[in-house]
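# Per-entry structural report
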Amino acid sequence: MSVEDGGMQGLGRPRQARWTLMLLLSTAMYGAHAPLLALCHVNGRVPFRPSSAVLLTELTKLLLCAFSLLVGWQAWPQGAPPWRQAAPFALSALLYGANNNLVIYLQRYMDPSTYQVLSNLKIGSTALLYCLCLRHRLSVRQGLALLLLMAAGACYAAGGLQVPRNTFPSPPPAAAASPMPLHITPLGLLLLILHCLISGLSSVYTELLMKRQRLPLALQNLFLYTFGVLLNLGLHAGGGPGPGLLEGFSGWAALVVLSQALNGLLMSAVMKHGSSITRLFVVSCSLVVNAVLSAVLLRLQLTATFFLATLLIGLAMRLYYGSR
């Protein structure tokens, strides 16, 4: 299996070790995102503007890419900088920005549990666009593996974690209110389908762009994150009055920004040297990390559904990357 398919066979041991370490680090950072955000809460709320965190993350990625080129970690292409090749990355930044904002907008038209379960449809949309745009055919085993991956995400979202009953000596104020019922509006369903399509398209388009251009990865990232910073700066400025850019930030918040920036750089390497399918498996495996950290740091309880989801993820990996 080639690196293009997300595998590691045929690589020398040093490269295989680096590839494995990169995937493990990315999985850990994906899984740590939600627990770290929970540790940022003050009185049950995030004390900073979400747009500030996104903007600072994009800016950190941009600075890291520029530093990589300046110190020579990745060679600058000979001749004049090919700035004309930067333009296509504007579409990538726009797709990612639209998708990130659509996730927030979707919460108005469905409850969080419904969103978590149905958002796993983006695994199917990514695989479909991957086959159509990159002309890569999946075997029956690989197709079944991706279906199992979708089922694993749905199982985990449906009840992989729960709050212990003895967490509070008395019912908290939030418990007095009636819980939000499961629901989704017709508009919410249409927006969810759009979200899944944009998610798959952004991933596949960026992979196609990075592989077709014969440019250093750091330079490609420099193009992508320049547009990302400009886009998110506009969204932050147009978001109306609110806390300042760094207002409410703590050490935990800084760790969230740094981990997400590093994870973005790792994912760009996966897109260039691996595939969008590899990214799907990284995101799915991060659910295990998320659950373990939530149990340790936030004292949530793992349920039988979590172990079923873990089993399905393992089986999916075996089917997709196992011997044919």
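Residues numbered from 1 in each chain as written. Predicted model: local features only at pLDDT ≥ 70, side-chain atom pairs only at ≥ 80, totals over all residues. Heavy atoms only, no water.

## Here we look at unusual backbone geometry
Within the chain, R135 stands out as a residue other than glycine whose phi angle is a positive 55 degrees. Relative to the assigned elements, R135 resides in the loop between α5 (121-134) and α6 (140-159). The exposure class assigned to R135 is exposed, which follows from its relative accessible area of 77%. (Helix = DSSP H or I, 4+ residues; strand = E, 2+ residues; numbered from the N terminus. Buried < 20%, exposed > 50% of the residue type's maximum accessible area, 1.4 Å probe, protein only.)

## Description of the packing of α5 against α6
Packing of α5 against α6 brings their axes to within 8 Å, and their N-to-C directions diverge by 155 degrees. The orientation of α5 with respect to α6, classified from their angle, is roughly antiparallel. Contacts between α5 and α6 pair L121, I123, G124 and A127 from the former with L146, L149 and M150 from the latter. Among the residues making up the contact of α5 with α6, the classes are represented as six nonpolar, one polar and no charged. (Axes fitted to C-alpha atoms, helices over the stretch in contact; angles between N-to-C directions. Parallel < 35°, antiparallel > 145°, perpendicular 65-115°, else oblique. Contact = heavy atoms within 4.5 Å. Nonpolar A, V, L, I, M, F, W, Y, C, P; charged D, E, K, R; others polar.)

## Re the pattern of salt bridges
Per the counting criterion, the structure on display carries two salt bridges. When the shortest N-O distance is used, the salt bridge between E58 and K61 registers 2.9 Å. One end of the pair is E58 and the other is K61, both in helix α2 (residues 50-70) and three residues apart, which spans about a single turn. Overall, the relative accessible area of 12% leaves E58 in the buried class. One salt bridge in this structure joins E207 and K211, with 2.7 Å as the shortest N-O distance. Of this pair, E207 and K211 both sit in helix α8 (residues 186-212), four residues apart, which is roughly one turn of that helix. A relative accessible area of 1% means that E207 is categorised as buried. K211 sits in the partly exposed class, given a relative accessible area of 28%. (Salt bridge = Lys/Arg side-chain N within 4 Å of Asp/Glu carboxyl O.)

That is the geometry; function is a separate question.
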